[in-house]
Amino acid sequence: MRGGQIMQNTLSPKGLRGKVAFVTGASGALGSDTARALSARGVRLALLGRNTEKLEALARELGGPEKALAIEMNVRNLASVEAAAKNAAEHFGGIDIVVAGAGMVTTELVENYSATGFVDDIDTNLNGVWRTVKATLPYVRESKGHICIIASLASFIHMPEMSAYSASKAGVLALANSLRLELDGSSVTVGTIHPSFFESALGNALTTSPLLNRASGNFGGLFTPIKREDVVAAIAKNIERRSRVAVLPRAFSALALVPGLGQRVIEPYLTHNLRKTAQKLSH
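How each quantity is defined
- Here the residue numbering is sequential within each chain, running from 1 through the sequence in written order.
- At least 70 in pLDDT is required for a residue's local features to be given in this predicted model, at least 80 for side-chain atom pairs to be given and counted, and no such filter applies to totals for whole chains, interfaces and linings, which use all residues.
- By convention in this description, side-chain values take in all heavy atoms of the structure and omit both hydrogens and water.
- Summary of the burial criterion: residues with accessible area below 20% of their type's maximum are buried, those above 50% are exposed, and those between are partly exposed, where the area comes from a 1.4 Å probe applied to protein chains only.
- Segments assigned H or I by DSSP are reported as helices when at least four residues long, segments assigned E as strands when at least two residues long, and all are numbered from the N terminus.
- Think of it as the arc spanned by the lines of direction from the helix axis to the C-beta atoms.
- Any two residues whose heavy atoms approach within 4.5 Å at even a single point are treated as in contact.
- Any two strands between which DSSP finds at least two bridges are classified as paired.
- Lines are fitted to the C-alpha atoms to define the axes, a helix being fitted only along its stretch in contact, and any angle between axes, read from their N-to-C directions, falls within 0 to 180 degrees.
- A crossover counts as right-handed when, viewed with the strands pointing away from the observer, the path leading from the first strand over the helix to the second turns clockwise.
- Throughout, nonpolar core names a set of buried Ala, Val, Leu, Ile, Met, Phe, Trp, Tyr and Cys residues whose side chains join them through atoms within 4.5 Å.
- Using a 1 Å grid laid over the protein atoms alone, points where a 1.4 Å probe fits but cannot get out form a cavity; open sets with protein on both sides within 12 Å along at least 5 of 7 lines form a pocket; any residue with an atom within 4 Å of a point counts as lining.
- Grid points are joined across faces, edges and corners, and a volume is the space filled by probe spheres set on the points.
- Residues are grouped as follows: Ala, Val, Leu, Ile, Met, Phe, Trp, Tyr, Cys and Pro are nonpolar; Asp, Glu, Lys and Arg are charged; all remaining types, including Gly, are polar.

(A) Representation of helix 2 (residues 52-61) within the structure. Along helix 2, the positions that sit buried rather than exposed are Leu55, Leu58 and Ala59. Considered in projection along helix 2, the buried side chains sweep an arc of 100° and stay on one side of the axis. In helix 2, the exposed residues that point more than 90 degrees away from the buried face are Glu53 and Arg60. In the core, the buried residues of helix 2 are packed alongside helix 1 (29-40), strand 2 (44-49) and strand 3 (68-72).

Written out as structure tokens, the structure reads:
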């Protein structure tokens, strides 16, 4: 509610000007680039994360408190997220857009995960999205805004040594689908973004996994990394159009329609790569 009136239910490029976005994971490569892209469209930004130094530097770059506010927040703590949402809403007068982008990845065999390692991935990537949505939804309901959840190609294509990440991202897709039904008739829209591998600290960490390298064909062919700028563009378009799903690269879009089928289709490719590499190593 601003000036006693509910905001117009539009997020077209021109309509984005003056809106308020709540961006988690804003100190990371994708989060900060997304913040810059939204700022260029006139969006005011609540920048959330745990690295306050990076957040404050980004806030200064984007124009200071009137245009961008750095707020320390931990997505693994509900009270922290609720306090951050209240702070952002009071500072800017509301929240129109949520970009749930905080995430982490640990590459490990299922049998070798420590209890905390597996749980930490799930708690950040899945429970963190739930906490973000729960804390911001009252404000987004009021503004009839849009929730953009950063998922992954791993939501429906599951790779070796990525069980925790894949499970969390599959869960994020399920959460978004349930949320969309719960919000039917509210004018709040929900979108999910499903990128393949791209350059970032999280993406770079995956290259340390020998098994994942083998399965992906050394990150070539179908799994050649995409450009981060393309992911940012997809996020901005999702928000502007209030779209349901964006998959990058588009070659995987059809598989996203039937997640179980997507795994069955891609699994022989992954297995072939693993067996081919194993044969080379045995000689």
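After presenting the structure, the write-up continues.
(B) Broad picture of the sheet that holds strand 4 (residues 97-100). Strand order in the open sheet formed by seven strands is 3-2-1-4-5-6-7, with parallel pairing between adjacent strands. Since the sheet does not close on itself, it has two edges, and those belong to strand 3 and strand 7 (245-248), each with one partner. Within the sheet, the average angular offset between the axes of one strand and its neighbour, ignoring direction, is 15°. Strand direction decides the pairing type here: strand 5 (residues 146-150) and strand 6 (residues 189-195), joined by five bridges, are parallel. The partner of Ile149 across the bridge, within strand 6, is Thr192. Of the strands in this sheet, strand 1 (20-23), strand 2 and strand 3 are in contact with helix 3 (residues 78-92), which crosses strand 3 at around 160°.

(C) Region of the structure containing the pairing of strand 5. With five of five residues buried, strand 5 is to be regarded as a mostly interior element. By the alternation rule, side chains of strand 5 split into His146, Cys148 and Ile150 and Ile147 and Ile149, which are all buried. For strand 4 and strand 5, the ladder comprises four bridges, and the chain directions are parallel. In the sheet register, Val98 faces strand 5, and the bridge partner there is Ile147. Between the parallel elements strand 4 and strand 5, the chain passes through helix 4 (residues 115-143) in a crossover that is right-handed. At this point the chain moves from strand 5, through helix 5 (residues 163-182), to the parallel strand 6, and the crossover so formed is right-handed.

(D) Examining the nonpolar core more closely. Counting residues in each nonpolar core, the largest one holds 34 residues, and the members touching the most others are Phe22, Ile95, Ile147 and Ile149. Those elements giving two or more residues to this core turn out to be strand 1, strand 2, strand 3, helix 3, strand 4, helix 4, strand 5 and helix 5. Top element by residues in this core is helix 4. It accounts for seven residues.

(E) Quick look at the layout of surface pockets. Computed from the structure, the largest pocket encloses a volume of approximately 970 Å³. Gly101, Ala102, Gly103, Met104 and Leu202 are the residues nearest the centre of the largest pocket, which is lined by 45 residues in total. For the lining of the largest pocket, the secondary structure elements donating two or more residues are helix 1, strand 2, helix 5 and helix 6 (201-206). With five residues, helix 1 is the single largest residue contributor to the lining of the largest pocket. For the lining of the largest pocket, the per-class residue count stands at 24 nonpolar, 17 polar and four charged. Around the second largest pocket, the lining residues are Asp230, Ala233, Ala234, Lys237, Asn238, Arg241, Ser243, Val245, Ala246, Val247, Leu248 and Arg250. Of all the secondary structure elements, the ones that give two or more residues to the lining of the second largest pocket are helix 8 (228-241) and strand 7. Ranked by residues supplied to the lining of the second largest pocket, first place goes to helix 8 with six residues. Per-class residue counts for the lining of the second largest pocket are six nonpolar, two polar and four charged.

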